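Here are the chains, one letter per residue:
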Amino acid sequence: MPLSRAFYFQSPRALARDLLGCVLVSRSGSIVTSGMIVETEAYLGPEDAASHAAFRPGSHALFYGPGGIAYVFRAYGMHDCLNAIAGDVGRAGCVLIRAVEPLQGAAAMARRRGVPVGSRRLASGPGNLTRALGVTRRHNGADLTAGPLTIEPRDGDRAQPIARGPRVGIARDPGRILRFWIAGNPHVSRGP
DNA sequence: TAGCTGATTGACT
DNA sequence: GTCAATCAGCTAA
């Protein structure tokens, strides 16, 4: 059962923390791939200069819509990045999913990525993650509570040691502590 | 229509 | 450590 819509009705910062340890599931035809979310970043509304809500009008409709929707954008002409919209209607904000630890379909992911099965770089990094799971801009606006792309609750209730730090790779407003990852997990993307 | 920029990656020195 | 690849969507004209 995917996470309910209500789960996404919280602040981007809180959602970024809560998504750690949850499982991102992608279904493409008969191929199912999934991975545990190990690294996220929060992006706020217009007050956050690094958020697309602040400078990409084309994404406004999604940002201000209900939570639980996928926002996929292309960066540097070749990398797609996956976000989950956070908050209720009228509240802008989203969570960038930067890295997952492969669970199901590792072989299919490795094939898409062109790296050996079991590689730690299989889905570490926003661009790698979307390629491994077969996420493209066609998923922009997709419903994460029902559809080919969903997020499921974490296994059990075991607490994860969470680390935090400044966001990576952004040109505007660096220094905000809005990046979260599972401490010690080898699948977290490398820093700058 | 032309030019610019970027929430990146991987290959190379 | 440097740097090229490559394109959607904006801006200026």
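Starting afresh in each chain, residues are numbered from 1 along the sequence in its written order. Following the order in which they are written, the chains are lettered starting with A and the ligands numbered starting with 1. For this predicted model, a pLDDT threshold of at least 70 governs which residues receive local features, and a threshold of 80 or more governs which side-chain atom pairs are given and counted, while totals over whole chains, interfaces and linings are taken from all residues. Here the side-chain values reflect all heavy atoms present in the structure, with hydrogen atoms and water set aside.

Asks: Any chance you could break down the protein's contact with DNA strand C for me, citing the residues and the numbers?
Replies: Neighbouring DNA strand C are the residues R56, G58, Y76, G77, M78 and R137. Among the atoms of DNA strand C lying within 4 Å of the protein, the sugar-phosphate backbone contributes 50%. Contacts described as polar in this section are N or O atom pairs within 3.5 Å, which, within protein, must combine one atom able to donate a hydrogen with one able to accept it, while residues neighboring in sequence count only if both atoms come from side chains. Separating a base oxygen of DNA strand C from a backbone N or O atom of Y76 is a distance of 2.6 Å. The separation between a phosphate oxygen of DNA strand C and a polar side-chain atom of R137 is 3.4 Å. Here the surface near DNA strand C is built from residues that sort into two nonpolar, two polar and two charged. Distances are taken per atom, and a residue is near a molecule or strand as soon as one of its heavy atoms is within 4 Å of it. Think of it as three bins: nonpolar holds Ala, Val, Leu, Ile, Met, Phe, Trp, Tyr, Cys and Pro, charged holds Asp, Glu, Lys and Arg, and polar takes everything else, Gly as well.

Asks: I'd love a proper account of the pattern of salt bridges, names of residues and values included.
Replies: Definition used for salt bridges: Asp or Glu carboxyl oxygen within 4 Å of a side-chain nitrogen of Lys or Arg. By the definition in use, this model includes nine salt bridges. Across the pair E41 and R98 runs a salt bridge whose closest N-O atoms are separated by 3.4 Å. Placement of E41 in strand 2 (residues 31-43) and of R98 in strand 5 (residues 94-102) is noted, with a sequence separation of 57 residues between them. One exposure class covers both E41 and R98, and it is buried. With a shortest N-O distance of 3.8 Å, R176 and D48 are connected by a salt bridge. One end of the pair, R176, is in the loop between strand 7 (162-165) and strand 8 (179-182); the other, D48, is in the loop between strand 2 and helix 2 (52-55), and 128 residues separate them in sequence. Secondary structure is summarised from DSSP: a helix means a run of H or I of at least four residues, a strand means a run of E of at least two, and numbering begins at the N terminus for each. Any residue under 20% of the maximum accessible area for its type is buried, any over 50% is exposed, and the rest in between are partly exposed; the area is computed with a 1.4 Å probe on protein chains only.

Asks: Pulling in residues and values, what's your account of the packing of aromatic side chains?
Replies: Aromatic rings from Phe, Tyr and Trp, with only the six-membered ring used for Trp, were paired whenever their centres fell within 6.5 Å, and each pair was classed as stacked if the ring planes differed by under 30 degrees, edge-to-face if by over 60, and tilted otherwise. All told, the structure shown has three aromatic pairs when counted by the stated rule. Plain terms: the ring middles of F7 and Y8 are 5.7 Å apart, the flat faces sit at 85 degrees to each other, and that makes the pair edge-to-face. Accessibility expressed as a relative area gives 0% for Y8, which makes it buried. Between F63 and Y71 the ring centres are 5.1 Å apart and the planes differ by 65 degrees, which places this aromatic pair in the edge-to-face class. The residues F63 and Y71 share a single accessibility class, namely buried. One aromatic cluster in this structure is built from F63, Y71 and F73. Geometry around Y43 places R167 over its ring, the cationic atom sitting 4.6 Å from the centre. For a ring to carry a charge above it, either NZ of a lysine or CZ of an arginine must fall within 6 Å of the ring centroid while also lying within 35 degrees of the normal to the ring plane. One cation-aromatic arrangement involves R172 over F55; the distance from NZ or CZ to the ring centre is 3.8 Å.

Asks: Which residues make up the protein's contact with DNA strand B, and what are the values?
Replies: Taken together, 22 residues lie around DNA strand B, and H79, N83, R121, G169 and I170 are the ones closest in. H79 places a polar side-chain atom, nitrogen or oxygen, 2.7 Å from a base oxygen of DNA strand B. Taking N128, its side chain carries an N or O atom lying 3.4 Å from a phosphate oxygen of DNA strand B. The dominant element in the surface near DNA strand B, judged by the number of residues it contributes, is helix 5 (residues 126-133), at three residues. Grouping the amino acids of the surface near DNA strand B by side-chain chemistry returns 10 nonpolar, eight polar and four charged.

Asks: Tell me what's going on with the side chain of E41, and back it up with residues and numbers.
Replies: Look at E41 and you get buried, because its relative accessible area is 0%. Only 3.4 Å separates the side chain of E41 from the side chain of R98, close enough to count as a polar contact. Among the polar contacts listed, one links the side chain of E41 to the backbone nitrogen of V168, at a separation of 3.1 Å. Apart from residues no more than four positions distant in its own chain, E41 is found in contact with A16, C94, V95, L96, R98, R167, V168, L178 and R179. By definition in these notes, contact holds between two residues if any of their heavy atoms fall within 4.5 Å.

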